[in-house]
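Given next are the chains, with one letter for each unit.
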Amino acid sequence: MTVLSVLDLSPIVEGSNASQSLANSLDLARHAERLGYRRYWLAEHHNMPGIASAATSVVIAHVAGGTRTIRVGAGGIMLPNHSPLVIAEQFGTLNALHPGRIDLGLGRAPGTDMATARALRRNLDAGADNFPQDVVELMGYFQPAEDGQRIRAVPGEGEKVPIWILGSSLYGAQLAAMLGLPYAFASHFAPAELDHALEIYRSRFQPSEQLDKPYVMLGLNVFAASSDAEARLLFTSLQQAFVNLRTGRPGRLPPPVEGYERDLDPMARTMLGQALSCAVVGSPETVRQGIEAFVGRTGADELMVTAQIFDHAARVRSFEILADAHKSLSEAA
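(A) Examining the environment of Thr247 more closely. Position of Thr247 among the secondary structure elements: in the loop between α8 (228-246) and α9 (266-275). Exposure remark for Thr247: the relative accessible area of 46% places this residue in the partly exposed category. In sequence terms Thr247 and Arg262 are 15 residues apart; their C-alpha atoms lie 18 Å from each other. Here Arg249 takes part through its side chain, which lies 3.2 Å from a polar atom of the side chain of Thr247.

Written as structure tokens, this is what we have:
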């Protein structure tokens, strides 16, 4: 049965703050470890009032230091915002502190608006167009140093940190296939090119030192509760946040609202239906059927599950319900 992992945006909810969000992330990671999830990834976003994981490497250290066995990583580091050497040093350090538990997912998008990207990079010429070269350079820093090598990542060299390519279009699929790297697709918010990207990645994959055959991880929103109605109510927090973001009003994660989708204008309802189509929302049985159908359609090797739920206890419970549904499917298989 497909492996389950967690993607955490460390949401800052209305009425709370970043300190509480980061404490919640560690608490959820400990639950995920106990429940058998394989990975716990955090995402890099900037200038977002509702996301506390901007300093992604620091938050990974926080979570890895408070857990024991679960893999912890970046889903992902937006490489155009950083020099490859700096990321090699950061993740080399993380892997030295937590050997064999660190993953590095790399994305090509800025993870923010262009004004903020300019503040991060200072030089926009060294951006997304250089992404393939930057990935190869970064991979080189994790190799054992050669005689006479002038620039070395210390820590970093020889650390063998697994690298993933993230994407929401065909570009990442082609690059991951060419480099022989595992591929993570952001179907949880940008599912339009999912099927085409999977076909390209799998058909063009070239084996590498890291990976001998294609390996796909797909983002999936899962909102699980005791009933379908309760789960749909929880889901309205993400729906509100998404509409706010797409209309230029990003903010903290709002509380659920009864009947939110019913009162939306048709354009917003269509946008949500497209962007959040890869979502499983419902009771334990609805969730079991939903993930079985999604895996059956896509052939995903791993699901990277995210749940932007306002109430932390409800969020933890959602991941518990999903773990039980996954166990049921595994036993049936």
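Anyway, onward from the coordinates.
(B) Summary view of the packing of aromatic side chains. Under the defined criterion, the tally for this structure stands at 7 aromatic pairs. On the basis of an interplanar angle of 40° and a centroid distance of 5.3 Å, the ring pair of Tyr183 and Tyr201 is categorised as tilted. Within this pair, whereas Tyr183 is found in strand β6 (residues 183-185), its partner Tyr201 is found in helix α7 (residues 194-204), the two being separated by 18 residues in sequence. Each member of the pair Tyr183 and Tyr201 is classed as buried. Between the aromatic rings of Tyr201 and Phe205, the centroid separation amounts to 5.7 Å while the plane-to-plane angle is 75°, which identifies the pairing as edge-to-face. This pair shows no difference in class: Tyr201 is buried, exactly as Phe205 is. Against the face of Tyr171 rests Arg108, its NZ or CZ located 3.8 Å from the ring centre.

(C) Molecular detail of the pattern of salt bridges. Considering all chains together, one arrives at 12 salt bridges under this definition. Put simply, Glu285 and Arg288 hold a salt bridge, and the shortest N to O gap is 3.0 Å. Of this pair, Glu285 and Arg288 are both found in helix α10 (residues 284-298), 3 residues apart, which corresponds to roughly one turn of the helix. According to the relative accessible area criterion, Arg288 is partly exposed, its value standing at 23%. Connected via shared salt-bridge partners are Arg39, Arg71, Asp103 and Glu302.

(D) Broad picture of the packing of helix α6 (residues 170-179) against α7. Running from N to C, α6 and α7 point in directions that differ by 15°, and their axes come no closer than 8 Å. When the axis of α6 is compared with that of α7, the two are roughly parallel. Pair α6 / α7 crosses with right-handed handedness. Contacts between α6 and α7 pair Leu170, Ala173, Gln174, Ala176 and Ala177 from the former with His196, Ala197, Ile200, Tyr201 and Arg204 from the latter.

What counts and how
- Residues numbered from 1 in each chain as written.
- Predicted model: local features only at pLDDT ≥ 70, side-chain atom pairs only at ≥ 80, totals over all residues.
- Heavy atoms only, no water.
- Helix = DSSP H or I, 4+ residues; strand = E, 2+ residues; numbered from the N terminus.
- Buried < 20%, exposed > 50% of the residue type's maximum accessible area, 1.4 Å probe, protein only.
- Polar contact = N/O pair within 3.5 Å; in protein donor to acceptor, adjacent residues only side chain to side chain.
- Phe/Tyr/Trp six-rings, centres within 6.5 Å; stacked < 30°, edge-to-face > 60°.
- Lys NZ or Arg CZ within 6 Å of the ring centre and 35° of its normal.
- Salt bridge = Lys/Arg side-chain N within 4 Å of Asp/Glu carboxyl O.
- Axes fitted to C-alpha atoms, helices over the stretch in contact; angles between N-to-C directions.
- Parallel < 35°, antiparallel > 145°, perpendicular 65-115°, else oblique.
- Left-handed = near helix turned anticlockwise from the far one by under 90°.
- Contact = heavy atoms within 4.5 Å.

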